[in-house]
Amino acid sequence: MTAHQVRAESDEELEKRHTRYLRTDAPGQVLVVCDGDAVVGSVAFWEHTDGDDVVWEAGWSILPEFQGRGYAGRALEALIGVIRSEGTHSAVHAYPSVDNAPSNALCRRAGFVLRGTTPFPFRGGVLLSNDWVLEL
Ligand SMILES: CC(C)(COP(=O)(O)OP(=O)(O)OC[C@H]1O[C@@H](n2cnc3c(N)ncnc32)[C@H](O)[C@@H]1OP(=O)(O)O)[C@@H](O)C(=O)NCCC(=O)NCCS
């Protein structure tokens with residue numbers, strides 16, 4: 001799950017993140033991806049500053065045993081619909097590391113345009129990431 005995300009988080013860090021997500025009233029949402037009763041992953045969007053602009057940033061995770069079955073592609077389509085309905089910002093960005101093949105394929109398939117690469121500070125490291133953007 002974290003092969004392209006610098007490092008895994010400790011149990012304590014995960015607990016803190018989870019609590020923060022439950023309590024936050026910051027703009028954005030975390031949506032759980034389900035197939036019937038089975039939870040297969042999550043997709044999310046939150047605010048991100050891009051130069052002088054505030055934009056949406058999106059991210060996604062599908063649990064290993066459910067990967068490669070199209071769940072992320074379908075969830076991202078639904079997520080884009082939710083983001084559009086917010087009507088707040090004019091674009092949504094995604095920053096998968098350049099070597100995260102499934103995540104980059106997802107962006108391309110969903111109609112994001114590749115704007116270039118960018119060093120992206122993340123979890124105490126720096127990822128060389130693609131900057132994908134979808135104008136809303
Ligand atoms: C990225 C991730 C969410 C994709 O989830 P998924 O449900 O397996 O993705 P899908 O089955 O919808 O496939 C998405 C695309 O990736 C491609 N793909 C899937 N697995 C792949 C692999 N191992 N290598 C290359 N491409 C792959 C699919 O063919 C599809 O592309 P297409 O639509 O052009 O055919 C999943 O791999 C994941 O959770 N990874 C760990 C967390 C992570 O890296 N999140 C993203 C951070 S930016």
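The model shown is predicted, which means the values in this text are computed figures rather than measured ones.

As for the pattern of salt bridges
As a working rule, side chains carrying opposite charge can pair if their charged atoms are close by. Throughout the structure, instances matching the rule amount to 5 salt bridges. Put simply, D50 and R115 hold a salt bridge, and the shortest N to O gap is 3.0 Å. Of this pair, D50 sits in strand β2 (residues 38-50) while R115 sits in strand β5 (residues 113-122), placing them 65 residues apart in sequence. Judged by relative accessible area, D50 falls into the buried class, the value being 17%. Judged by its relative accessible area of 47%, R115 is partly exposed. Taken together, the shared-partner salt bridges in this structure form one network comprising E9, R17 and R123.

Quick notes on the side chain of D50
Engagement of the side chain of D50 in a polar contact is seen with the side chain of R115, the distance being 3.0 Å. Not counting the four nearest positions on each side in its chain, D50 is found in contact with V55, H93, Y95 and R115.

Observations regarding the sheet that holds strand β6 (residues 125-135)
Across the sheet, 6 strands lie side by side as β1-β2-β3-β4-β6-β5; this open sheet has mixed pairing. The two strands at the open ends of the sheet, each matched to only one other strand, are β1 (28-35) and β5. Averaged over neighbouring strand pairs, the angle between their axes works out to 30° when direction is ignored. Pairing geometry for strand β3 (residues 53-62) and strand β4 (residues 91-94), over 2 bridges, is parallel. Bridge pairing links W56 to V92 in β4. Sheet strands in contact with helix α2 (residues 71-86) are β1, β2, β3, β4 and β6, and its direction is about 45° off that of β2.

The rules we used
Residues numbered from 1 in each chain as written. Predicted model: local features only at pLDDT ≥ 70, side-chain atom pairs only at ≥ 80, totals over all residues. Heavy atoms only, no water. Salt bridge = Lys/Arg side-chain N within 4 Å of Asp/Glu carboxyl O. Helix = DSSP H or I, 4+ residues; strand = E, 2+ residues; numbered from the N terminus. Buried < 20%, exposed > 50% of the residue type's maximum accessible area, 1.4 Å probe, protein only. Polar contact = N/O pair within 3.5 Å; in protein donor to acceptor, adjacent residues only side chain to side chain. Contact = heavy atoms within 4.5 Å. Pairing = 2+ DSSP bridges. Axes fitted to C-alpha atoms, helices over the stretch in contact; angles between N-to-C directions.

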